[in-house]
Amino acid sequence: DEVDRVLAMRSELLAMPGGEVETEINVPAASGDEQIVHVRACNALDDPDIGAIVIVTRNVTAHRRAVADLGRAKRRAEAHVDSQTRLLATVSHELRNPLAPLRTGLQLVRVARNSGDTAERALQAMERQVQHMVRLIDDLLDILSKPERVSTIIGEELVAVKQEFGQTKLGARRSEIEHSAQDL
């Protein structure tokens, strides 16, 4: 209760000749709105020139609201940066995934130069991976220009990746990417 706090402040101040106390209290304004008032009081009762308790008050409501607004804006900005970081990490992973089959395919082609069938299968797999990488990069560039399309584009790409590679962990990845996309 604010009245009890003010009375406790007064008692504390009277017990400290030459002392100071400082606090903030909530006070109803004439409009009915609650205002935050910073109070600083000095006990100058023993000072022969002053002989009083000096109280200085300042309405800090606007300042406190501005600080709270800045805090909320900071948290929103941090959440946005965090969601972009998660999205970038996920997209980065998805862009790197096709590189392993390409690398393996190149090694197979080098080893199987005389075996046309093995080399041809490796080249076809590499071609699919290159096409997939091109689609991912094109979609990423499209996403960067139109953030509202993140969920749709990445969702389509994840379905294509799942069909092509038969990966079972993509359900969780898709959920993570869609959550990141919604944060944008």
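Reading the values: rules and limits
- Residues numbered from 1 in each chain as written.
- Predicted model: local features only at pLDDT ≥ 70, side-chain atom pairs only at ≥ 80, totals over all residues.
- Heavy atoms only, no water.
- Pairing = 2+ DSSP bridges.
- Helix = DSSP H or I, 4+ residues; strand = E, 2+ residues; numbered from the N terminus.
- Core = buried A, V, L, I, M, F, W, Y, C linked by side-chain atoms within 4.5 Å.
- Buried < 20%, exposed > 50% of the residue type's maximum accessible area, 1.4 Å probe, protein only.
- Contact = heavy atoms within 4.5 Å.
- Salt bridge = Lys/Arg side-chain N within 4 Å of Asp/Glu carboxyl O.

S.K.: What's the story with the pairing of strand 2 (residues 34–44) in this structure? I'm lost.
M.R.: A regular strand places its side chains on the two faces of the sheet in alternate fashion. Bridge analysis of strand 1 (residues 20–28) against strand 2 gives 9 bridges, and the strand direction is antiparallel. Across the sheet, Val27 pairs through a bridge with Gln35, a residue of strand 2. Between the end of strand 1 and the start of strand 2, which pair antiparallel, lie 5 residues, with Gly32 showing a positive phi angle near 100°. In this structure, strand 2 lies alongside strand 3 (residues 52–59), joined through 8 bridges in antiparallel fashion. The partner of Val39 across the bridge, within strand 3, is Thr57.

S.K.: Looking at this structure, I do not really get the nonpolar core. What am I missing?
M.R.: One broad rule of soluble globular proteins: the nonpolar side chains tend to lie buried together. If you look at the biggest cluster of nonpolar residues, it comprises 7 residues: Met9, Leu13, Val21, Ile25, Val37, Val39 and Ala41. Counting residues per element, the ones that place at least two in this core are helix 1 (2–14), strand 1 and strand 2. The dominant element in this core, judged by the number of residues it contributes, is strand 2, at 3 residues. Discounting chain neighbours no more than four positions away, the residues touching Val39 are Met9, Val21, Glu22, Thr23, Ile25, Ile55, Val56 and Thr57.

S.K.: I tried to follow the pattern of salt bridges on my own but got confused; where do I start?
M.R.: Once their charged atoms are close, side chains differing in charge can pair, the charge on each being opposite to the other. Scanning the model with the defined rule gives 6 salt bridges in all. Residues Glu20 and Arg40 are paired through a salt bridge, measuring 2.7 Å at the closest nitrogen-oxygen approach. Placement of Glu20 in strand 1 and of Arg40 in strand 2 is noted, with a sequence separation of 20 residues between them. According to the relative accessible area criterion, Glu20 is partly exposed, its value standing at 43%. Assessed through its relative accessible area of 38%, Arg40 is described here as partly exposed. Here Glu78 and Lys74 are joined by a salt bridge, their closest N and O atoms 3.5 Å apart. Linking Glu78 with Lys74, this pair stays in helix 2 (residues 61–96), spanning 4 residues, or about one helical turn. With a relative accessible area of 52%, Lys74 lands in the exposed category.

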